[in-house]
Structures are given as C-alpha cells and as structure tokens.
Amino acid sequence: MSKLIRIGTRDSELALWQAKTVQQQLEQLGHKTVLVPVKSTGDLVLDKPLYELGITGVFTKTLDIAMLNGDIDIAVHSLKDVPTILPNGIVQAAVLKRGNTKDLLVFKNNEEFLSQREGVIATGSLRRRAQWLNRYPTHNVVDLRGNVNLRLQKLENNDWNGAIFAAAGLGRLGIRPETSINLDWMIPAPAQGAIMVVALDDDQETKAICQQINHEDTEICTTIERQFLRLLEGGCSAPIGALAIIKNEEVHFKGVLLSPDGSKKIEVSRSEKLGNHHDIAQYASDYIIERGGKRLMDDIKHSGKPTNIYSTKSLTEDQRFLFNENLVVESNDAIKISLNRIPPTVLKSPIENVIITSKNAVEAILTNCPAEELKFKNIYCVGRRTKRLIEQRIGKVTHSEKNAKALAEYMVEFMDGTEATFFCSDIRLEDLPNILSEHQIKLNEVEAYQTKYDALKIDKAIESVMFYSPSTVESFVQQNNTEVVAFCIGETTAKEAQKHFKDVRVAKVPTVESVIELVNEYFLRKQKS
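Criteria and thresholds
- Residues numbered from 1 in each chain as written.
- Predicted model: local features only at pLDDT ≥ 70, side-chain atom pairs only at ≥ 80, totals over all residues.
- Heavy atoms only, no water.
- Salt bridge = Lys/Arg side-chain N within 4 Å of Asp/Glu carboxyl O.
- Buried < 20%, exposed > 50% of the residue type's maximum accessible area, 1.4 Å probe, protein only.
- Phe/Tyr/Trp six-rings, centres within 6.5 Å; stacked < 30°, edge-to-face > 60°.
- Helix = DSSP H or I, 4+ residues; strand = E, 2+ residues; numbered from the N terminus.
- Lys NZ or Arg CZ within 6 Å of the ring centre and 35° of its normal.
- Pairing = 2+ DSSP bridges.
- Axes fitted to C-alpha atoms, helices over the stretch in contact; angles between N-to-C directions.
- Contact = heavy atoms within 4.5 Å.
- Core = buried A, V, L, I, M, F, W, Y, C linked by side-chain atoms within 4.5 Å.
- Right-handed = clockwise from strand over helix to strand, strands pointing away.
- Expected span 1.5 Å × (residues − 1).
- Parallel < 35°, antiparallel > 145°, perpendicular 65-115°, else oblique.
- Nonpolar A, V, L, I, M, F, W, Y, C, P; charged D, E, K, R; others polar.
- Arc of directions from axis to C-beta.
- Patch = residues over 30% accessible without salt bridge, like charges linked within 9 Å, V, L, I, M, F, W, Y side chains within 5 Å.
- Areas by Shrake-Rupley, 256 points an atom, 1.4 Å probe, with all protein chains shown as cover.
- Lys, Arg positive; Asp, Glu negative; His and termini not counted.
- Charge placed at Lys NZ, Arg CZ, Asp CG, Glu CD.
- Left-handed = near helix turned anticlockwise from the far one by under 90°.

**Student:** Give a detailed account of the pattern of salt bridges, specifying residues and quantitative values.
**Tutor:** According to the stated counting rule, one finds 24 salt bridges in the structure shown. Lysine 499 serves as the salt-bridge partner of glutamate 496, at 3.0 Å between the closest nitrogen and oxygen. What makes glutamate 496 buried here is its relative accessible area of 8%. Residue lysine 499 is classed as exposed on the basis of its relative accessible area, which comes to 59%.

Structure follows, in structure tokens:
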C-alpha cells in the first residue's frame, strides 16, 4: 500500500475543484489522499490588480512554502498561475488533460456595445486588458479581482457592459451564464485551462505516482507556451498570450506580446511536425524580440520607475539595449532639422575646398544635387561618421578631425589655396570661421539646413542628460533650468555645456555608444559608492 498523499490547494471553489479532480484520478489508481487547503496572498489581497502585487507566483508561493516545510506532498495549481521557474527542490510532476483554453466575455444586457464607441469591460488580467484595448481602443477597462463567484457578483452590481473570464473556470464550476460568448480572437495566457501538479524533486515515490495521471499532449503544448513566456522574460506583469495545439501530428503555435495600453501588438505563428517541435518557443520569442519585443518588455519593466537620464537625441532600439538594466531612459530629438534648397549653380560649379561638419549637410547637398554632378576637389569634414557617409555617397575625404576648431587649424596649415566653401546650419559655432578669417582664408558660407530647438521640459528628478552637439545643449537650456550631470559626445559640445552645468563629462570617442558607456560607468560607480 502506498503512502497517504497530502494534496495542498488554495481554498477557493475553483482551486478545490481542481484539487479534487487530481484526488479522484489518484484514488482511482488505488492511492490514498487527503486535501490540505491553504490561503494564498493572491486570495487575501483583492484591492490591487495582480500585476501590481509585485510577487512572483502570487497564487503559488504559500503552497511552495508548505511543501518545502513538509506539510504537504503535492500541490495543485492552475498552470497559468505558476512562475516559469520553479523554486529549488520543487518540480512539475504532472499536467492533467487540458480543458477549455478560451477567454470568455460575460455581458450584462446585450452585445450591442461591441459595435459602439463607449463600453466598460472588467478584468484583472493585463493580457486581457491589452488585447481588449487593441481591438476596442475607445472602451474603458476597469479592474476586477476575487474568486469566480465574487467576480460574477461584482459584474451584476456594477454598471459595466461585461467582464472577461477563463472559460475553463466557469465551465468547471458549472456556472457559465447564458449571456456569454467565447472570445475566439483573444490569445489565452500560456497554459490556460491546464491543471498542474508539483512535488519535491527528491520524493521519487510521489513523482512516480503523479506521472500516472500526466497527459503527454497537454504537457508538450504547455511546455512550449511557458518556454515562450520565459524567453520573453514575462510573467503576470506582462501582456503575453500563447497557445499551442496538436492536430494531425503537427504542433501549431501562436503567440502575442502587447503594450499594456494595447496600442502596440507583435504576433507570431509557427507550425512543426510533432517531434520537431522543440525549437518552436525559441523561434517565436526571437521573432517577437527582433520586431520590437525587447523594447516593449523594457518599457513594461520600467513603467512606474523614475527616469534616470534624458537623451537629447532619439535613441535606436539597439542603442537602448546598451544601457545598464536598472537605468530608465527618455529620449527625443532636441533639435529638428529642415533641409534648405541650395541653388544648383552653387553645387554644380567646381569648388576647390569644401567643409562639411555634419551628416545633415551631406543630406542637404545630395537632396539638391546628384553626387555624380558635384565637382568637389578637396573635402574637409568633422567626425568619423560624417566622413564615412561622405565617402559612401559623395567621394573621398581629404582630411577629417574630431571637431571644427581642430579642422580649421589643420586647414590653415595644409589647405591648398585661400578660399573654402562651408555647408553649414543657420546655427553654428564661430571657431572655424574665426580661425580661417584670422589667417586670410576666404570662407563662403552656404546655409544647407536649419536647426530648430525642440527639447522636452524634463522632470526635475532627472539628474543626467546626454548631449550630442552645442545645439542640443542650447535647446535643452531653453526649456530647462535644472542642474544636471552633462554627458557630452565631444569637447565642442562639452565646452557649451560648461557654460550651464558644473559636472560635465566627455565620451572617449565621439559616438552615441561611447556616451552610453560613459553613462553606464557613472551610474555603476554611483551605485557602489
């Protein structure tokens, strides 16, 4: 005779139904069992949405502790509530045959509100909220917590149009209202509709017993879904949906990641022959991440956290990846560029010495004249990236320097002739014109583009700002009088920043990536001090 198996469970009606289902299956196999109900944090705290509780495994933690303390032998969970990484010493022992995977809308009076601009829907799930708002962006979604019966009662007592439930939960309790419809378009939570049994890893006898009630197809599908969730680094705080089904010896998967407000959605689908399905989760998560998923997940993780740093240039997704994980970055283009019309007679005439100090000037030149029609003999430029762009799209650069002052000093010494043409902005520094003028070099200035100030007014709590040109400094101080740590791309930018800020730091090389490295080093030292 095998030992008495103590089955730990939450004490809600649905949790007890699930635990009794496990109990019945085990007893049908001849094993003795007893139910041990306990309350979880998720059942006790009903005044906050799940994604605001900040606890991993909000419905499973109490049972985990009871098992590790030796008070129970196994625990029964809704698999969708279980963290993708189990506590040390606890393992998945069985997954029962899956029930209904769909989400369900229970409505109050009729379904007419679905075609109307106004509507109020209740749910405590961030995933359901995001998918609903993606489909019905003008509707209002309110929070709904509590056990199934309590949520149905709250729907009855409030002026909401409807509420969203898991179809499996209502079906298992036999209380699915007639005024309900399946939401076939909504992708469920990973492992929705599945019941999981966990046991201690070193309890070989109990694990062997539980394996007798394991449903292999359900295990395969829910494993893929939960791997997808783990690879996206999600949990109950991220709007992630996933569903895998097995049909005709093929595994069919679909997944989704959304922004919390539903305004952004990235979907993926994948099918593989059963047996070749092991890489589906990796493929699907990579697909999502490569199409903006990493940025979405970072935004979700950082939502509600104070911004550490403001960038006066919009950052690419790759650049955002370079910041330390604990940094929250806000960015926008503090200067906006408007390209000017340059007369063809200027661009198509032979010019012996051309000065270009920015990529914007390159774009302005090429917007007005094809590269093959330019007759530039010597091109002098500032910055490695400007040089690279010129050589890719116009021609060979005679000489480049890291800033305009150094370039002017070089040209005074080595330039052929006594005249140069400078393609510049309407806002520029005086260093280069002044140095050339002092040495009797005639400078023809061509206004290639206009620079417009457009910096954000930042929160006073932001202590650090990234600057990429003197113009970004000037734009920032027009909107802000906050004392900040200024991280600058080069000496020329730093010189302007020093007029306004006490703490000015300069990147080792004049690239955005180098400025980010400077920021990371600063905050790392600050954290250690």
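**Student:** Break down the packing of aromatic side chains for me, with residues and values.
**Tutor:** What the rule picks out here adds up to 13 aromatic pairs. A ring pair is formed by tryptophan 132 and tryptophan 185, whose centres lie 5.9 Å apart and whose planes are at 45°; its orientation type is tilted. Taken together, the residues span a long stretch of sequence, with tryptophan 132 in helix 4 (residues 126-135) and tryptophan 185 in the loop between strand 9 (180-182) and strand 10 (195-200) at a distance of 53 residues. Judged by relative accessible area, which is 1%, tryptophan 132 ranks as buried. Residue tryptophan 185 is classed as partly exposed on the basis of its relative accessible area of 27%. Taken together through their ring pairs, the aromatic side chains of Tyr310, Phe467, Phe476 and Phe501 make up a single cluster. Directly above the ring of tyrosine 283 sits arginine 270, whose terminal nitrogen or CZ lies 3.8 Å from the centroid. Above the face of the tyrosine 287 ring, arginine 291 is positioned so that its terminal group lies 3.6 Å from the ring centre.

**Student:** Quick one: what's the story with the sheet that holds strand 23 (residues 485-488), residue by residue and with numbers?
**Tutor:** Spatially, five strands are ordered 15-14-22-23-24 in an open sheet, and the strand pairing comes out parallel. Taken across any chain shown, the strands that pair with only one partner, and hence form the sheet edges, are strand 15 (329-331) and strand 24 (503-506). Averaged over all pairs of adjacent strands, the angle between strand axes in this sheet comes to 20°, irrespective of strand direction. Two elements, strand 14 (residues 309-311) and strand 22 (residues 464-467), share three bridges in a ladder whose sense is parallel. Bridge pairing links serine 311 to methionine 466 in strand 22. Its contacts with the sheet place helix 18 (residues 512-528) against strand 14, strand 22, strand 23 and strand 24, and it is angled at close to 145° to strand 23.

**Student:** I'd like to hear about the pairing of strand 11 (residues 240-247), residue by residue, with values.
**Tutor:** Here strand 11 pairs with strand 12 (residues 250-258) via eight bridges, running antiparallel. Looking at strand 12, one finds that glycine 241 is bridged to valine 256. Counting the residues that bridge the hairpin from strand 11 to strand 12 gives two residues, and of these asparagine 248 lies at a positive phi of roughly 50°.

**Student:** Could you give an account of the nonpolar core, with specific residues and numbers?
**Tutor:** If you look at the biggest cluster of nonpolar residues, it comprises 23 residues, and the most contacted ones within it are Leu347, Ile356, Leu374, Phe376, Ile390, Ile394 and Phe423. Secondary structure elements with two or more residues in this core: strand 17 (351-356), helix 12 (359-368), strand 18 (376-382), helix 13 (384-393) and strand 21 (442-453). No other element matches helix 12, which puts five residues into this core. Here leucine 374 is in contact with Leu347, Ile365, Leu366, Cys369 and Ile394, once residues within four sequence places are set aside. Counting residues in each nonpolar core, the second largest holds 22 residues, with Ala242, Ala281, Ile288 and Leu296 among its members.

**Student:** An account of the pairing of strand 2 (residues 33-38) is needed here, citing residue identities and associated values.
**Tutor:** Every regular strand shows the same layout, with side chains that alternate between the two sheet faces. Pairing analysis gives six bridges linking strand 1 (residues 5-10) to strand 2, with the strands arranged parallel. Bridge pairing in strand 2 links isoleucine 7 to leucine 35. Traced from strand 1 through helix 1 (residues 13-28) to strand 2, the parallel crossover comes out right-handed.

**Student:** Requested: an account of the sheet that holds strand 2, with residues and values cited.
**Tutor:** One open sheet holds the five strands; their spatial order is 2-1-3-10-4, and the pairing between them is mixed. Of all the strands in the sheet, just strand 2 and strand 4 (90-95) have a single pairing partner and so form its edges. The mean angle between the axes of side-by-side strands here comes to 30°, regardless of whether they run parallel or antiparallel.

**Student:** Could you give me a rundown of helix 8 (residues 216-231), with the residues and numbers involved?
**Tutor:** For helix 8, spanning 16 residues, the distance from its first C-alpha to its last is 22 Å, which sits close to the expected 22 Å at 1.5 Å a residue. Restricting attention to buried positions, one finds in helix 8 the residues Thr218, Ile220, Cys221, Thr222, Ile224, Glu225, Arg226, Phe228 and Leu229. Positive phi appears at glutamate 233, one or two residues downstream of helix 8, with a value of about 60°.

**Student:** I'd like to hear about the packing of helix 12 against helix 13, residue by residue, with values.
**Tutor:** Contact pair helix 12 / helix 13: the axes reach a minimum separation of 9 Å and the direction vectors enclose 20°. Relative to helix 13, the element helix 12 is oriented roughly parallel. Here helix 12 contributes Lys359, Val362, Glu363 and Leu366 to the contact with helix 13, which in turn contributes Arg385, Thr386, Leu389, Ile390 and Arg393. Classifying every residue of the contact of helix 12 with helix 13 by side-chain character gives four nonpolar, one polar and four charged.

**Student:** Account for helix 7 (residues 204-211), with residues named and values stated.
**Tutor:** Within the sequence span of helix 7, burial applies to Thr206, Ile209 and Cys210. The buried residues of helix 7 occupy one face: seen down the axis, they fall within an arc of 95°. Looking at the buried residues of helix 7, the elements they touch are strand 1, helix 1, strand 3 (74-78), strand 4 and strand 10.

**Student:** If you had to explain a positive patch on the surface to someone new, which residues and values would you point to?
**Tutor:** A cluster of like positive charges, contributed by Lys313, Lys359, Arg384 and Arg388, occupies part of the molecular surface. Positionally, lysine 359 belongs in helix 12. Judged by relative accessible area, lysine 359 falls into the partly exposed class, the value being 39%.

**Student:** Requested: an account of the packing of helix 14 (residues 404-414) against helix 15 (residues 431-438), with residues and values cited.
**Tutor:** As a packed pair, helix 14 and helix 15 sit with axes 8 Å apart at the nearest point and diverge in direction by 20°. Between helix 14 and helix 15, the crossing angle belongs to the class labelled roughly parallel. Between helix 14 and helix 15 the crossing geometry is right-handed. Facing Ala404, Lys405, Leu407, Ala408, Glu409, Met411 and Val412 of helix 14, the residues of helix 15 in contact are Asp431, Leu432, Ile435 and Leu436. Its residues assigned to classes, the contact of helix 14 with helix 15 comprises eight nonpolar, no polar and three charged.

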